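Fold and geometry: a report
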Amino acid sequence: MNYGLYLSASGVLTSMYRQDVFSNNLANSETTGFKPVIPEVQQRDPERIEDGFGPSVANKLLEQLGGGVLAAPQRIGFGTGQPKETGRHLDVMLTQDDQFFVIEDIDPETGDPGILLTRDGNFAINNRGELVNAAGRRVLDDNDRPIYLSESPDTLISDTGEIYQDGEVVSQIQVTRVEDRTAITLHGGNLLNIADPELRERVADPLVKAGYLEGSGVNSWLALMDITKATSGVSGNARMIQYHDLVMDRAINTFGRVA
């Protein structure tokens, strides 16, 4: 077995993985409240350790080479994006990076309700009078219920998330905090999953900015540089595979005939 070829192949795969993640980040550099994904890479253990073999099968040279690299679990960067003033009365921005809006999630098979989290406060009122996010999912109040609003043009959201219509409080947008953010994973559509809804803590007195939206957490220049580095990793390891292939060709077709 050409051990170096497998090491180079693992380098190609992990670099392609990083390239894909960084490309997705760059594509969302203008997405409201988007949180960038940080791709992690971990060292792979040598075969003897990975498969649980004893020291009798140890090969000092191979163990010094290591086992290559593997893609590790992703992390999410939760830093707060730059505020963007819109002046729109249903746009809301969270000011703390550990807080989230709560969006309804209906299981398509069972119909059971669930929740998703988001930092995107670009809300609107649908034709049924429900407050919804940009994708049309219902925004939930402090009691995990949809928010119903009238057709009144005089609709305002206060700096604490209370919704006023015609000068009276009609509902409260739920803002929740998740202390263990490792329990949060990507869902898609600028939404986040939480492993257990009980891990969230409702914020009693949230501070939001009405008329503003949170910008993407992606720095487009840094994302472009990350893509370039990952692409170089793919190219470099692919060249190493070609060199290994050339060496094997010479060993079989040249040295083999001489022998």
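Heads up: the structure comes first, above all this text.
Thresholds applied
- Residues numbered from 1 in each chain as written.
- Predicted model: local features only at pLDDT ≥ 70, side-chain atom pairs only at ≥ 80, totals over all residues.
- Heavy atoms only, no water.
- Salt bridge = Lys/Arg side-chain N within 4 Å of Asp/Glu carboxyl O.
- Helix = DSSP H or I, 4+ residues; strand = E, 2+ residues; numbered from the N terminus.
- Buried < 20%, exposed > 50% of the residue type's maximum accessible area, 1.4 Å probe, protein only.
- Phe/Tyr/Trp six-rings, centres within 6.5 Å; stacked < 30°, edge-to-face > 60°.
- Lys NZ or Arg CZ within 6 Å of the ring centre and 35° of its normal.
- Core = buried A, V, L, I, M, F, W, Y, C linked by side-chain atoms within 4.5 Å.
- Contact = heavy atoms within 4.5 Å.
- Pairing = 2+ DSSP bridges.
- Axes fitted to C-alpha atoms, helices over the stretch in contact; angles between N-to-C directions.
- Polar contact = N/O pair within 3.5 Å; in protein donor to acceptor, adjacent residues only side chain to side chain.

Scanning the model with the defined rule gives 15 salt bridges in all. One salt bridge in this structure joins R138 and E104, with 2.7 Å as the shortest N-O distance. Note that R138 is positioned in the loop between β8 (131-132) and β9 (155-157) and E104 in strand β5 (residues 99-106), a separation of 34 residues in sequence. Of the charged contacts, one joins R119 and E214 as a salt bridge, the two residues approaching to 3.0 Å between their closest N and O atoms. Placement of the pair is R119 in the loop between β6 (113-118) and β7 (124-125) and E214 in strand β17 (residues 212-214), with a sequence separation of 95 residues. Judged by relative accessible area, which is 2%, R119 ranks as buried. Exposure remark for E214: the relative accessible area of 1% places this residue in the buried category. Connected through salt bridges with shared partners, the residues E104, R128, E130 and R138 form a single ionic network.

Bringing the packing of aromatic side chains into the picture now. Using the criterion set out here, one finds two aromatic pairs in the structure. Centre to centre, the rings of F101 and F123 are 5.1 Å apart; their planes meet at 75 degrees, and the pair counts as edge-to-face. Residue F101 is found in strand β5, and its partner F123 is found in the loop between β6 and β7; the two are separated by 22 residues along the sequence. With respect to burial, F101 and F123 carry one shared label: buried. Here the basic side chain of K209 rests over the ring of Y212, its NZ or CZ set 4.2 Å away from the ring centre.

Take the nonpolar core next. Counting residues in each nonpolar core, the largest one holds 18 residues, and the members touching the most others are F101, F123, L131, V139, I147, I163 and I173. Where this core is concerned, the elements lending two or more residues are β4 (92-94) and β5. Look past the residues within four positions of I173 in its chain and what remains in contact with it is F101, F123, L131, V139, L140, D142, I147, I157, G161 and I163.

On to the pairing of strand β14 (residues 191-194), then. The pairing of strand β13 (residues 184-188) with β14 spans four bridges and is classified as antiparallel. By the bridge assignment, G188 is partnered in β14 with L191. Following β13, the chain reverses through two residues before pairing antiparallel with β14; G189 in that reversal takes a positive phi of roughly 65 degrees.

With that settled, the discussion passes to the sheet that holds β9. One open sheet holds the three strands; their spatial order is β9-β10-β11, and the pairing between them is antiparallel. With partners counted over all chains shown, the strands left at the sheet margins are β9 and β11 (168-172), one partner each. Geometrically, the sheet is characterised by an average inter-axis angle of 30 degrees between neighbouring strands, direction not taken into account.

The subject of this paragraph is the side chain of K35. With respect to the helices and strands, K35 occurs in the loop between α1 (3-27) and β1 (37-43). Within the structure, the side chain of K35 is placed 2.5 Å from the side chain of E214, a separation counted as a polar contact. Once you skip the residues sitting within four places of it in the chain, K35 turns out to touch I76, G77, F78, G79, T80, G81, R119 and E214.

What follows concerns the environment of R119. With 20 residues separating them in the primary sequence, R119 and Q99 have C-alpha atoms 7.9 Å apart. Apart from the residues lying within four places of it in its own chain, the contact partners of R119 are G33, K35, T80, L94, Q96, D97, D98, Q99, F100, F101 and E214. Among the polar contacts listed, one links the side chain of R119 to the backbone oxygen of Q99, at a separation of 2.6 Å.

This paragraph deals with the environment of N122. Within the secondary structure, N122 is located in the loop between β6 and β7. Considered as a pair, N122 and G33 are 89 residues apart in the sequence and their alpha carbons are 9.3 Å apart. When sequence neighbours within four positions are dropped, the list of residues in contact with N122 reads R88, D91, V132, N133, A134 and L213. Among the polar contacts listed, one links the side chain of N122 to the side chain of R88, at a separation of 3.4 Å.

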